[in-house]
Amino acid sequence: MLDGIRERARNVFSRSGAQPQRRVTRREREDRQKRLLYIATGIAGAVVIIALVVGASYQYYFYPRSAVATVNGTKIERRDYWMVRGLQLRQNLAQLNQQYQMTQPDQRPQLEQQAQTITDELKDVRGAALAEDTISAMVDNVIVLQHMGEFGIQITQAEMDEFTAAQFAPGPLSSPTPTPPVDATAAAWATGTSEAKAAEATQTMQAMETAAAAASPTGEITGTPEATGTVATSPTSEATTTAPAVVETGTPATDGTPSGSPVIPPSPTPSPTIAADAARATAVSRIDQYTTNFLKPSGMTRADYDRLIVRPELAKSKVREQLEGKVPQRADQIHAAHILVATEDAAKAVEDRLAKGEDFAAVAKEVSTDTQTAGNGGDLGWFPRGVMVAPFEAAAFALKPDEVSAPVQSTFGWHVIKVFEVEQDRPLTLDMVQSLKVRAYNDWVQKQRDASEITSAVPLTTLQRQQNQSSNSTFQAPADAPQPPPPTLAPASPAP
C-alpha cells in the first residue's frame, strides 16, 4: 500500500515538473553564506582597486597631461608648466642670493621676504596656484614656434646644442657674425652724443662739488657724492624670455612683470684671449653643473630643456634677426613737440593761448602732463612714421614746419602738436634704429597674439594688457627725445 502511494506521488511530480524539496543541512547553508561573503568581498575589493587605479591614472597620467593653455589647438601641458615654473623659481632664487650678497643690510629684509615666497612655492609647485606670467611666456613661445616657418626657419638639434654651448661659454666658440654697416652720419651723431653726455656728467659733478664746498665752513669738500643702488644680475639672456623690455614710444607703458619662462643664463663677458676649445670645454662643464643644480631639481631632462627652453629661444632669436634686418637706416622724419593734457577743454585752452602768441615751450612747461618732455618745452626730437600712436602720427605728419595742430585725442589724453622741421630720407640715429628693431619684433608677436585662438586655465591679464592698453597708461617719448635738463643745484646753507 505504501509503495502504491509513493508511485502515485512520483507520477504527480513527474506530470507537474516539480521535484520534491531536499532538506538543506546547516553546513550547506554556512558554505553558501561563505561563498556569498567571498563574492561580495571580491567585488568590493575590485571596486576599491579600480578606484585607486582610476585615481592614480588621473593624478599621474591624465592630470599632468591636461592643458593649462592652448594656442591654436596646441596644448601646453601641466607637466611642462611645472618643469618650466620650477626652473624659473630656482633661477630667481639664485639671482636673489646674488643680490643679497651685494645689498646693504637695511635692504635685505625685502629680499629675504621675496626669497621666502619663492621657497614656499618650490615646496609644492604642483599644488601652487598657476602663475600667469609663466603661462603667458609659454604661450608666446608656442606662437613663435608655430609661425617661424613663415620665415623659412628650421631648427636642428645641432643648432640647439651650439646655441646652448655659446650661452654657457666664457668666450666665443667661433668667429663673430659681422655687424651690419651703420649709417656714417648716425655713427657721427652717436659719437657726438656720447661726448656731450660725458661733458654734461662732468659739469653736473663739478656743480655738486661746488655746492658741497660752499656748504663746508672751511670751503673744503667733505665728501664725494656716491651713486648707490642694488646690483642686479639677470638669469636670462634677454628680457625674461621675450623681446627686451623696451617700452614702445607713443604707446602706453605697462608694468614690468617677470617672465614665466626661464632661459639659458648668460655667460660672463667673453674673454678675447681664451681659445675656442677651452671655451667649449668650460661650457660643457657649466652645462653639467646647471643640469645638476637647476634642471634635475625641476624634474627636467636635457631633452625637456631643449624642447621647452632652447628651441623657443633659438626660434625667437632667428625671427628677431630677420625682422630687425628689415629696419631701415634712413627714413622721412619730423622734428616735433607736443603739449599733453587730460581733457578736450584743456587742449582748447592751450590752443587759445598759442593763438594769442604765447610761446609753445613756455606753455608746455606750465601745463603739459607729459613729465618726460615738459621740461624741454614738449620737445619730442626727430622721429619717423610707425613710432607714435596712429592719431598722433596722422596729425603730426600732416603739418608743415612751424604749424600747430588742432587738439588731437589719443589713448593718453589730448595733444597739441607743433612741427619744427621736416626732412626726407634723414638718417635714423642708432638709438632710434634699436628702438625700431625692438618694436618690429614686439609688433609682430602682438599681431600673432591677436590672430591666435588662446585659451587658458587662468586669465591671462598680461596678454590682455598688451592687447588692450589702458588709456591711463603713461605716454612714452620717442628714443631721440632730448633728456630733461638736470635740476639746478642750489648751494647748501653754510653750517653755523
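Before any of the text, the structure's been laid out above.
Residues numbered from 1 in each chain as written. Predicted model: local features only at pLDDT ≥ 70, side-chain atom pairs only at ≥ 80, totals over all residues. Heavy atoms only, no water.

(A) Representation of the environment of glutamine 91 in the model. Relative to the assigned elements, glutamine 91 resides in helix H3 (residues 78–101). Along the chain, glutamine 91 and phenylalanine 294 lie 203 residues apart, while their C-alpha atoms are 7.5 Å from each other. (Helix = DSSP H or I, 4+ residues; strand = E, 2+ residues; numbered from the N terminus.)

(B) Broad picture of the nonpolar core. By size, the foremost hydrophobic cluster in this structure holds 54 residues, and its most contacted members are Tyr305 and Val319. When residues of this core are traced back to their parent elements, those giving at least two are strand E1 (67–71), H3, helix H4 (108–123), helix H5 (132–147), helix H6 (157–168), helix H8 (276–295), helix H9 (302–325) and helix H13 (430–451). With 26 residues, the next largest nonpolar core counts Phe383, Ala395, Ile417 and Ala481 among its residues. (Core = buried A, V, L, I, M, F, W, Y, C linked by side-chain atoms within 4.5 Å. Buried < 20%, exposed > 50% of the residue type's maximum accessible area, 1.4 Å probe, protein only.)

(C) Broad picture of the side chain of glutamate 393. Inspection of the secondary structure assignment puts glutamate 393 in helix H12 (residues 390–397). Of the side chains with opposite charge, arginine 385 comes closest to the buried, unpaired glutamate 393, at an N-O distance of 4.1 Å. Apart from the residues within four sequence positions on either side, glutamate 393 is in contact with Arg385, Gly386, Val387 and Met388. (Lys, Arg positive; Asp, Glu negative; His and termini not counted. Salt bridge = Lys/Arg side-chain N within 4 Å of Asp/Glu carboxyl O. Contact = heavy atoms within 4.5 Å.)

(D) Looking closely at the packing of aromatic side chains. What the rule picks out here adds up to eleven aromatic pairs. Aromatic side chains phenylalanine 383 and phenylalanine 397 sit 6.1 Å apart centroid to centroid with 80 degrees between the ring planes, which places their arrangement in the edge-to-face category. Placement of the pair is phenylalanine 383 in strand E4 (residues 379–384) and phenylalanine 397 in helix H12, with a sequence separation of 14 residues. With relative accessibility at 17%, the residue phenylalanine 397 sits in the buried group. Plain terms: the ring middles of phenylalanine 412 and phenylalanine 475 are 5.2 Å apart, the flat faces sit at 90 degrees to each other, and that makes the pair edge-to-face. Of the two residues, phenylalanine 412 sits in the loop between strand E5 (408–410) and strand E6 (413–427) while phenylalanine 475 sits in the segment after helix H14 (461–467), which places them 63 residues apart along the sequence. Using a relative accessible area of 11% as the deciding quantity, one classes phenylalanine 412 as buried. Here phenylalanine 475 falls in the buried class, since its relative accessible area comes to 3%. In textbook terms, an aromatic cluster arises when at least three aromatic residues are bridged by ring pairs, as seen for Phe383, Phe392, Phe397, Phe412 and Phe475. Here the basic side chain of arginine 108 rests over the ring of tyrosine 100, its NZ or CZ set 4.6 Å away from the ring centre. (Phe/Tyr/Trp six-rings, centres within 6.5 Å; stacked < 30°, edge-to-face > 60°. Lys NZ or Arg CZ within 6 Å of the ring centre and 35° of its normal.)

(E) Geometry of the sheet that holds strand E3 (residues 330–341). Across the sheet, four strands lie side by side as E4-E3-E6-E5; this open sheet has antiparallel pairing. The open sheet is flanked by E4 and E5, the only strands paired with a single partner. Strand-to-strand twist across the sheet, computed as the mean angle between neighbouring axes with direction ignored, equals 45 degrees. (Pairing = 2+ DSSP bridges. Axes fitted to C-alpha atoms, helices over the stretch in contact; angles between N-to-C directions.)

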